[in-house]
Amino acid sequence: MINVTKTFFPPIEDYQKQLERVWENEWLTNNGELYKELSQKLQDYLGVNQIIPMTNGTLPIQIALNAFAKEGEVITTPFSYVATTATIVWEKCTPVFVDIHPEYLTIDETKIEAAITDKTTAILATHVYGNPCAVEEIEAIAKKHHLKVIYDAAHCFGVNYKSQSIFNYGDVSTCSFHATKLFHTGEGGALFCQDEATRQEMWYRHNFGHDGPEKYHGLGLNAKMSELQAAMGLSVLPYIKHIIAERKRVCEYYDTHLDFSQLNNLKLREGTDWNYSYYPVIFKTESDLLKAKDKLKVENINPRRYFYPSLEELPYIQSSTCPIARDMAQRVLCLPLYDSLSIEDLSKIVSTINE
Ligand SMILES: *Cc1c(COP(=O)(O)O)cnc(C)c1O
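As annotated in an unreviewed UniProt entry, the protein chain carries the name DegT/DnrJ/EryC1/StrS family aminotransferase and comes from Psychroflexus longus. The UniProt entry for the protein chain carries the following comment under Sequence similarities (unreviewed entry): "Belongs to the DegT/DnrJ/EryC1 family."

Shown next as structure tokens:
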């Protein structure tokens, strides 16, 4: 069976070595030695200003919304994973969907201002498939209207934009280290921000609001990453260059062998140093997509409809004004992409689709 992704497993001895440190320390969570080491290594590798690793990639979005969005209206994209919208609703904010750009598939920045009201507090946009939003334009809009900017950068591990980490844009950016993502800690994620004061605010929120054992800074919850998750991260991180290089190989195979007279692929924003995190192809019609998906299924190949349906169609959402996102959601299919995908399997996938 070939799935859309396959989790990278480091050699088990590597993980055992990290676990031995945990056993020696007899320390399983709460700012442990491995957690601190992973934080530092990620900060250096990614070149980010501030990082707080967390227990998944959803809670950092929720924490940032809690700090910034204040139960107001949050301008957001309909073309993302459900977590982007669900966190807004969970924080008792109102999602206001702005349609996407038909080629970049990120939020259409030219349509943001028309959606701003006196209740708008923040913009939560996704760098979908690791393709950056129009960050400069969004920053200018946010400044003008005094809004906070949060990027769901779940797909962006290792993406640079204009020679620096994409996580260095926005008031807060978040990443997911889930097992299906490029870099993983089993479950896990991180929050990134630009200054120490914001980091402190976010740190409190991710640890019950504790300011010492008997004092509380404010409302918080539990989003802490454990030593067992950090152990996995420290075991995977040494292989990240290999993982990305092998994904590049797979993407280049698709680029050269797929029949693009019948398909489109993602347009990356200029200035992007990409991470090969997903390989979306855009069919001419939904029925072409479904035909291809069925044929692949016969060959035991499971691509995924990332992202379907368009999020403004969720059962707990009322609005419905994003025709481009709906259309794209019906026609985009993400092809299998992982480091160990063989040429034989790639050839089978490509010939099935081209047929
Ligand atoms: C994976 C993902 C998330 C959620 O991350 P978890 O680590 O699974 O909580 C959020 N947003 C997007 C766009 C994602 O792909």
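**Describing the overall build of the protein chain**
Scanning the protein chain for helices and strands turns up eleven helices and 15 strands. At 20 Å, the protein chain has a C-alpha radius of gyration in line with the 20 Å of a compact globule built from 355 residues. Across its three principal axes, the protein chain shows a C-alpha extent of roughly 65 × 55 × 35 Å. Counting only contacts in the protein chain whose residues sit at least 6 apart along the sequence, the fraction spanning at least 24 positions is 70%. Of the side-chain charges in the protein chain, 34 are positive and 46 negative, and the distance between the mean point of each set is 2 Å.

**A few points about the sheet that holds strand E8 (residues 164-165)**
Through backbone hydrogen bonds, the strands of a sheet pair up, either in parallel or in antiparallel fashion. Read from one edge of the open sheet, three strands run E8-E7-E12, paired in antiparallel fashion. Edge positions in the open sheet fall to E8 and strand E12 (272-273), since each of these has one partner strand only. Across two bridges, strand E7 (residues 160-161) lies against E8 in antiparallel orientation. Bridged to Tyr 161 within E8 is Gln 164.

**Considerations on the environment of Ser 342**
Mapped onto the fold, Ser 342 is located in the loop between strand E15 (332-335) and helix H11 (343-354). Only 3.1 Å separates the side chain of Ser 342 from the backbone nitrogen of Asp 345, close enough to count as a polar contact.

**A short note on the nonpolar core**
Among the nonpolar cores identified, the biggest contains 98 residues, and Phe 157 and Tyr 254 are the most heavily contacted of them. Of the domains in this structure, domain 1 (2-238) and domain 2 (240-354) are the two that each give at least three residues to this core. Those residues in contact with Tyr 254 that lie beyond four places of it in its chain are Phe 260, Tyr 279, Leu 335, Pro 336, Leu 341, Leu 346, Ile 349 and Val 350. Counting residues in hydrophobic clusters, the runner-up holds 21 residues, among them Phe 79, Leu 314, Cys 322 and Met 328.

**Structural notes on the domain arrangement of the protein chain**
Think of interface size as the accessible area that goes away when the parts come together; that is how it is often given. Per the domain assignment, the segments of the protein chain are domain 1 (2-238) and domain 2 (240-354). A C-alpha centroid distance of 24 Å is found between domain 1 and domain 2. Facing 48 residues of domain 1, the contacting portion of domain 2 comprises 51 residues. When domain 1 packs against domain 2, the two sides together hide about 4300 Å² of surface, and 63% of this comes from carbon and sulfur. On the domain 1 side of the interface with domain 2, the three residues burying the most area are Ile 2, Val 4 and Tyr 129, jointly 21% of the side's total. Here domain 1 is connected to domain 2 by one salt bridge. Here Glu 103 and Lys 267 are joined by a salt bridge, their closest N and O atoms 3.9 Å apart. Of all the secondary structure elements, the ones that give two or more residues to the side of domain 1 that touches domain 2 are strand E1 (2-3), helix H4 (82-90), strand E4 (94-97) and E7.

**Quick notes on the environment of Ser 319**
As for its placement among the helices and strands, Ser 319 is situated in the loop between strand E14 (301-302) and helix H10 (323-331). In this structure, the C-alpha to C-alpha distance between Ser 319 and Val 96, residues 223 residues apart in sequence, is 8.0 Å. Residues contacting Ser 319, with those up to four places away along its chain left out, are Phe 97 and Glu 312.

**A short note on the pattern of salt bridges**
Should the charged atoms of two oppositely charged side chains come close, the side chains can pair. According to the stated counting rule, one finds 19 salt bridges in the structure shown. Across the pair Arg 21 and Glu 37 runs a salt bridge whose closest N-O atoms are separated by 2.7 Å. You can see Arg 21 sitting in helix H1 (residues 12-25) and its partner Glu 37 sitting in helix H2 (residues 33-46), a full 16 residues away along the chain. On the basis of relative accessible area, Glu 37 is assigned to the partly exposed category, the value being 24%. For Lys 144, the salt bridge is made with Glu 113, and the minimal N-O distance between the two is 3.0 Å. Residue Lys 144 is found in helix H5 (residues 135-145), and its partner Glu 113 is found in the loop between E4 and strand E5 (120-126); the two are separated by 31 residues along the sequence. Linked by salt bridges that have partners in common, Arg 21, Glu 33, Glu 37 and Lys 41 make up one network.

**Concerning unusual backbone geometry**
Excluding glycine, a negative phi dihedral is what most residues carry, and trans is how most peptide bonds are arranged. Cis rather than trans, the peptide bond between Tyr 306 and Phe 307 has omega equal to 5°. Here the bond from Tyr 308 into Pro 309 is cis, since omega is -5°, no more than 30 degrees from zero. Positionally, Pro 309 belongs in the loop between E14 and H10. At Lys 162, a position not held by glycine, the phi torsion is positive, near 50°.

**Points about the packing of H2 against helix H7 (residues 227-236)**
Where H2 meets H7, the closest approach of the two axes is 8 Å, and the angle between their N-to-C directions is 40°. Taken as axis vectors, H2 and H7 run oblique relative to one another. In this structure, H2 crosses over H7, and the sense of that crossing is left-handed. Where H2 approaches H7, its residues Glu 33, Leu 34, Tyr 35, Glu 37, Leu 38 and Lys 41 are matched on the opposing element by Glu 227, Ala 230, Ala 231, Gly 233 and Leu 234. Among the residues making up the contact of H2 with H7, the classes are represented as six nonpolar, one polar and four charged.

Analysis parameters
Residues numbered from 1 in each chain as written. Predicted model: local features only at pLDDT ≥ 70, side-chain atom pairs only at ≥ 80, totals over all residues. Heavy atoms only, no water. UniProt positions renumbered as here; feature names shortened; annotations may be inferred. Helix = DSSP H or I, 4+ residues; strand = E, 2+ residues; numbered from the N terminus. Rg over C-alpha atoms; globule rule 2.2 N^0.38 Å. Contact = heavy atoms within 4.5 Å. Lys, Arg positive; Asp, Glu negative; His and termini not counted. Charge placed at Lys NZ, Arg CZ, Asp CG, Glu CD. Pairing = 2+ DSSP bridges. Polar contact = N/O pair within 3.5 Å; in protein donor to acceptor, adjacent residues only side chain to side chain. Core = buried A, V, L, I, M, F, W, Y, C linked by side-chain atoms within 4.5 Å. Buried < 20%, exposed > 50% of the residue type's maximum accessible area, 1.4 Å probe, protein only. Domains from an automatic or database assignment. Buried area = accessible area lost by both parts, 1.4 Å probe. Salt bridge = Lys/Arg side-chain N within 4 Å of Asp/Glu carboxyl O. Axes fitted to C-alpha atoms, helices over the stretch in contact; angles between N-to-C directions. Parallel < 35°, antiparallel > 145°, perpendicular 65-115°, else oblique. Left-handed = near helix turned anticlockwise from the far one by under 90°. Nonpolar A, V, L, I, M, F, W, Y, C, P; charged D, E, K, R; others polar.

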